[in-house]
Amino acid sequence: MSLIEKGRGRPAMDAIEALLTRRSYVRSLLRHPVPGDEELETILQAAMSAPDHGNLKPWRFVVVRGQGMGDLSEVVREIYSSRDISDADLRAFVEEIADTPMMIFVCAEVVSGHRIPVLEQQMSAAAACQQMLLAIHALGYGAIWHTVEQHPLVWRQLGLAEKDSVVGVLSVGTPEPVKIRPRKRRSFTSVTWEWEAAGLRPWDGG
Ligand SMILES: Cc1cc2nc3c(=O)[nH]c(=O)nc-3n(C[C@H](O)[C@H](O)[C@H](O)COP(=O)(O)O)c2cc1C
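Under an unreviewed UniProt entry, the name given to the chain is Putative NAD(P)H nitroreductase, and the source organism is Microbulbifer rhizosphaerae. UniProt, in its Sequence similarities (unreviewed entry) section for the chain, records the words "Belongs to the nitroreductase family."

> Is there a simple way to think about the site of the ligand in this case?
In the vicinity of the ligand, the contacting residues are Arg-23, Ser-24, Ile-144, Trp-145, His-146, Thr-147, Gly-168 and Arg-183. Looking at which element gives the most residues to the shell around the ligand, the answer is strand E4 (residues 142–146), with 3 residues. Of the residues assigned to the shell around the ligand, the class counts are 2 nonpolar, 4 polar and 2 charged.

> When you look at helix H5 (residues 118–138) in this model, what are you seeing that I'm missing?
Owing to its 3.6 residues per turn, the α-helix aligns residues three or four sequence positions apart on the same side. Its 21 residues give H5 an end-to-end C-alpha distance of 30 Å, which sits within 8% of 30 Å, the value for a rise of 1.5 Å per residue. Every buried residue of H5 is listed here: Gln-121, Ser-124, Ala-125, Ala-128, Cys-129, Gln-131, Met-132, Leu-133, Ala-135, Ile-136, His-137 and Ala-138. Buried residues along H5 sit in contact with helix H1 (15–21), helix H2 (37–47), strand E2 (59–65), strand E3 (102–108), E4 and strand E5 (165–175).

> What's the story with the environment of Arg-201 in this structure? I'm lost.
On the secondary structure map, Arg-201 appears in strand E7 (residues 201–202). Accessibility expressed as a C-beta count within 10 Å gives 11 for Arg-201, which makes it exposed. Separated by 119 residues in sequence, Arg-201 and Ser-82 place their C-alpha atoms 54 Å apart. Discounting residues that sit within four places of it in the chain, Arg-201 has contacts with Trp-193, Glu-194 and Glu-196.

Scoring rules and cut-offs
Residues numbered from 1 in each chain as written. Predicted model: local features only at pLDDT ≥ 70, side-chain atom pairs only at ≥ 80, totals over all residues. UniProt positions renumbered as here; feature names shortened; annotations may be inferred. Near = placed C-beta within 6 Å. Helix = DSSP H or I, 4+ residues; strand = E, 2+ residues; numbered from the N terminus. Nonpolar A, V, L, I, M, F, W, Y, C, P; charged D, E, K, R; others polar. Expected span 1.5 Å × (residues − 1). Buried ≥ 20, exposed ≤ 12 C-beta atoms within 10 Å, placed from the backbone. Contact = placed C-beta atoms within 7 Å.

The structure is reproduced here in structure tokens:
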């Protein structure tokens, strides 16, 4: 069975269908089950196929699941407890993290001073993030990409140096089916042009 055929007891989605139907889910809609070890390996391997100038693989993935989510929520509590946030909001945020079934941090672990600029390396890591989102969706799970604040506690826990960045954290789980509607997407035509010698022509498919 090929990697792409693996899906929770059923064939994984066709690639084009996965591209056209991927959507994000707010954390509160993500439940257990999470991808098992074999599926997780497929997701992580998909990330390794991201475009990568210089073949640097300038990224680091950190999977957080099980008790790890509780530990992570305590790190969040420590960071936010000194901030201007009410006890109730802090408690809700910490609980939201602890209740998230799984997270994957996607970090750009860049090579400084390389002929490949750091920005390109970071973009590669972002492409790896998107590869994971698509694989997660194709395997029948849901996810959302969130920004991560640069904080020494987080950097230490993720094993990052100051030059590195976190391009995002993916919250992963099984979307609660009752509340899910298909996403309406704008047509590509409003943002696409055809090159012509006389100037760009709005895309009309001709
Ligand atoms: C780099 C990046 C960072 C993001 N950070 C956040 C975030 O911190 N919070 C958030 O609500 N959405 C964030 N988003 C947007 C969501 O991941 C998601 O794309 C958005 O809710 C639209 O949903 P869709 O993916 O179904 O179009 C981010 C997206 C990207 C690409």
